[in-house]
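Take a look at the letters that make up each chain.
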Amino acid sequence: MSLGRLLVVEDESAIAQMLDMVLRHAGYEVTVVSSAEAAVRSVADALPTLVVLDWMLPGQSGEALCRQWRAQERTRQLPIIMLTARAEENDQVRGLESGADDYITKPLSPKALVARVRAVLRRRAPEALEDKVTVGSLELDPSNRRVMGPGPDGTKELKLGPTEFRLLHFLMRHTDRVHSRSQLLDRVWGDHVYIEERTVDVHVKRLRESLDAVGCASMIETVRGAGYRMARTPASTPSKA
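The residue numbering used here restarts from 1 in each chain and proceeds along that chain's sequence as written. Side-chain atom pairs in this predicted model are given and counted only at pLDDT of 80 or more, local residue features only at pLDDT of at least 70, and totals for whole chains, interfaces and linings cover all residues. As a convention, hydrogens and water are excluded, and side-chain values are obtained from all of the structure's heavy atoms.

(A) The arrangement of the sheet that holds strand 8 (residues 146-151) in detail. At least two bridges found by DSSP between two strands are what make those strands a pair. Helix and strand assignments come from DSSP, with helices taken as H or I runs of at least 4 residues and strands as E runs of at least 2, each series counted from the N terminus. If you walk across this open sheet you meet the four strands as 6-7-8-9, and the pairing is antiparallel. With partners counted over all chains shown, the strands left at the sheet margins are strand 6 (133-135) and strand 9 (154-158), one partner each. When strand polarity is set aside, the average angle formed by the axes of neighbouring strands in this sheet is 25 degrees. Summarising the sheet, strand 7 (residues 138-141) and strand 8 pair through three bridges and their orientation is antiparallel. Residue pairing across strands places Leu 140 opposite Val 147, the latter belonging to strand 8. Most of the contacts of helix 6 (residues 162-173) go to strand 7, to which it runs at about 115 degrees, and overall it touches strand 6, strand 7 and strand 8. Geometry is summarised by axes, namely lines fitted to C-alpha atoms with helices restricted to the contacting stretch, and by angles between N-to-C directions that run from 0 to 180 degrees. By definition in these notes, contact holds between two residues if any of their heavy atoms fall within 4.5 Å.

The structure is reproduced here in structure tokens:
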């Protein structure tokens, strides 16, 4: 029985074949395409469980395609792992800020790839049956993955990516407590040994940008030298990542 359908977008045939073999061996159904255009068509036909997306593609780049999917309602919460030879920190930040849930540099370890795919996927379902969480004017409902905040007509729904949703859920369930980056990686991301702590800062920044639409960005506080904390009410001046 397949663990899920993965879409691999990679134009280097040797790497594509290796990814196909490794992921199939791990129990996934795999579709491989070599361009952004082919990936768009594949996703339009049927949403995959997760996308492994190469940064450098002919025509439209993987980064641009990731941003495109994140901007569309149907694909906003599609799990995406970016694959690239770019190893500089700024490039990793760009990849995460484009909307990717994780970022893997080449040459890659097959074991690490499978671990990251599993880590991204297994965090989506466990919280689905939990009760609603309310902190101040924010309400998060795991059963339908909705976050509501104050708006001009009473309430406003926030659009969050899957990682930001999990991060907010965890922080809302543990208000007024300081969590280090390593603790957040462990509790929100799972296999933290594979992911850099800088990842937390990128996703906190994206979460704050979403919360800013309802005036709640400052509820995510930076505790210098310690980590992050969620306050029960917005501060007068938003804190920065």
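Now that the structure is up, let's keep going.
(B) The arrangement of helix 6 in detail. Here helix 6 is twelve residues long and its end C-alpha atoms lie 17 Å apart, about the 16 Å a rise of 1.5 Å per residue gives. Of all twelve residues that make up helix 6, eleven are buried, and the element is covered over most of its length. In this scheme, a residue with accessible area under 20% of its type's maximum is buried, one over 50% is exposed, and one in between is partly exposed, where area comes from a 1.4 Å probe on protein chains only. Residues Pro 162, Thr 163, Glu 164, Phe 165, Arg 166, Leu 167, Leu 168, His 169, Phe 170, Leu 171 and Met 172 constitute the buried set of helix 6. Working rule for helices: expected span equals 1.5 Å times residues minus one.

(C) Geometry of the pattern of salt bridges. Only one rule defines a salt bridge in this text: a Lys or Arg side-chain nitrogen within 4 Å of an Asp or Glu carboxyl oxygen. All told, the structure shown has 18 salt bridges when counted by the stated rule. Between Asp 54 and Lys 106 there is a salt bridge; the shortest N-O distance is 3.3 Å. In this pair, Asp 54 sits in strand 3 (residues 50-54) while Lys 106 sits in the loop between strand 5 (102-105) and helix 5 (110-122), placing the two residues 52 residues apart along the sequence. Classification of Asp 54 as buried rests on a relative accessible area of 2%. As a salt-bridge pair, Glu 73 and Lys 159 come within 3.6 Å of each other at their nearest N and O atoms. Taken together, the positions of Glu 73 in the loop between helix 3 (62-70) and strand 4 (80-84) and Lys 159 in the loop between strand 9 and helix 6 put the pair 86 residues apart, joining distant regions of the chain.

(D) How the structure looks around the sheet that holds strand 5. What the five strands build is an open sheet, ordered 2-1-3-4-5; its pairing is parallel. If you trace the sheet from one side to the other, it starts and ends with strand 2 (29-33) and strand 5, each paired once. Each adjacent strand pair in this sheet contributes to an overall mean axis angle of 20 degrees, direction not counted. Where strand 1 (residues 5-9) meets strand 3, four bridges bridge the pair, whose relative direction is parallel. Counted as the bridge partner of Val 8 is Val 52 from strand 3. Together, strand 1, strand 2, strand 3 and strand 4 form the strand contacts of helix 1 (residues 13-25), whose direction differs from that of strand 2 by roughly 170 degrees. Helix-sheet contacts for helix 5 involve strand 1, strand 3, strand 4 and strand 5, and the interaxial angle to strand 5 is about 175 degrees.

(E) Region of the structure containing the pairing of strand 11 (residues 227-230). Where strand 10 (residues 220-223) meets strand 11, four bridges bridge the pair, whose relative direction is antiparallel. By the bridge assignment, Thr 222 is partnered in strand 11 with Tyr 228. Counted along the chain from strand 10 to the antiparallel partner strand 11, the turn is three residues long, and its residue Gly 225 has a positive phi close to 80 degrees.

By themselves, these are just geometric observations and shouldn't be taken as functional.
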